[in-house]
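Coordinate analysis (summary)
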Amino acid sequence: MNKTLKWELAQRVELLWWRRYLQKKSKDEYTAWKKGYWNEVLQKVGSYLKIKPKDKVLDAGCGPAGIFMVLPQQEVTAVDPLLLDYQNKLTQFSPSDYPNVEFQSLPLEQFQSPAIYDTVFCMNAINHVSDIEDSFDRLVDAVRPGGTIVVSIDAHNYQFLKRLFRLLPGDILHPHQYDLVEYQQMLTKRGCELTSCQLIKTEMIF
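Residues numbered from 1 in each chain as written. Predicted model: local features only at pLDDT ≥ 70, side-chain atom pairs only at ≥ 80, totals over all residues. Heavy atoms only, no water.

Some details on empty space enclosed by the protein
Regions of empty space are outlined by a rolling probe, equal in size to a water molecule, passed over the atoms. For the coordinates displayed, the defined rule picks out 1 cavity of 30 Å³ or more. Considered as a void within the structure, the largest cavity measures approximately 60 Å³ in volume. In terms of lining residues, the largest cavity is bounded by L22, Y30, T31, P64, A65, M69, Q92, F93, S94 and Y98. Its residues assigned to classes, the lining of the largest cavity comprises 7 nonpolar, 3 polar and no charged. (1 Å grid on protein atoms, 1.4 Å probe; cavity = no way out; pocket = protein on both sides within 12 Å on 5 of 7 lines; lining within 4 Å. Points joined across faces, edges and corners; volume = space filled by probe spheres on them. Nonpolar A, V, L, I, M, F, W, Y, C, P; charged D, E, K, R; others polar.)

Next up, the structure:
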């Protein structure tokens, strides 16, 4: 894996962001709020995604509060390069709270799996990776034939700002800056069929 300077800096800032964001939040209140958020996401995609008990699910780039939180009946693998840091430095994250989840503290580019997962989630994470092409390969390789990949992402609204952000450190948390069409092409060129594209929220830039 090629760990770029931009990626390593983004990882340090990511951990700092989480520590500041959670420092005054109680574990119980934050966990309840985050589970509510993820359940709303599952409702939005429920028309084309049916997750059954005992399904195998991958939460790629899960962070300390990923969608694994609301999948207690599934066999979940959660992958993130900062998991050990989250465990040691965030009181809100404890792997023991999720006995059905296998946590792997490693970059997505180092995750290896046969095509066994019924559903692969990569929620707000694919533009955090070091090698985005390799990371998309890992997602596609992990899903079983006929399975589903769910990706959520900040996609640029304006070509000018996209190019500007690529040149200048205007978004230090995200090493990659693309628009929606470019993200879609990264999946379709790997043989994926796009079944749905939903707008979750819109801001001035993304």
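Description of the sheet that holds strand β2 (residues 75-79)
The sheet built from 5 strands is open, its strands ordered β3-β2-β1-β4-β5 with parallel pairing. The sheet is open, and its two borders are formed by β3 (101-104) and β5 (143-152), each paired with just one other strand. Neighbour-to-neighbour, the strand axes of this sheet turn through a mean angle of 15 degrees, independent of strand direction. Pairing of strand β4 (residues 117-123) with β5 involves 6 bridges; the strand directions are parallel. Pairing of F121 across the sheet is with V150, part of β5. Across the face of the sheet, helix α4 (residues 132-142) comes into contact with β1 (56-60), β4 and β5 while running at roughly 135 degrees to β5. (Pairing = 2+ DSSP bridges. Helix = DSSP H or I, 4+ residues; strand = E, 2+ residues; numbered from the N terminus. Axes fitted to C-alpha atoms, helices over the stretch in contact; angles between N-to-C directions. Contact = heavy atoms within 4.5 Å.)

Quick look at the pattern of salt bridges
Here the structure, examined in full by the defined rule, presents 8 salt bridges. Here R190 makes a salt bridge to E133, at a shortest N to O gap of 2.5 Å. With R190 in the segment after α6 (180-188) and E133 in helix α4, this residue pair connects regions lying 57 residues apart in the sequence. The exposure class of E133 is partly exposed, given its relative accessible area of 31%. Measuring nitrogen to oxygen at the nearest pair gives 3.1 Å for the salt bridge that ties D134 to R138. Separated by 4 residues within a single helix, D134 and R138 lie in helix α4, roughly one turn from each other. Via salt bridges that share partners, E133, D137, K189 and R190 belong to a single interconnected network. (Salt bridge = Lys/Arg side-chain N within 4 Å of Asp/Glu carboxyl O. Buried < 20%, exposed > 50% of the residue type's maximum accessible area, 1.4 Å probe, protein only.)

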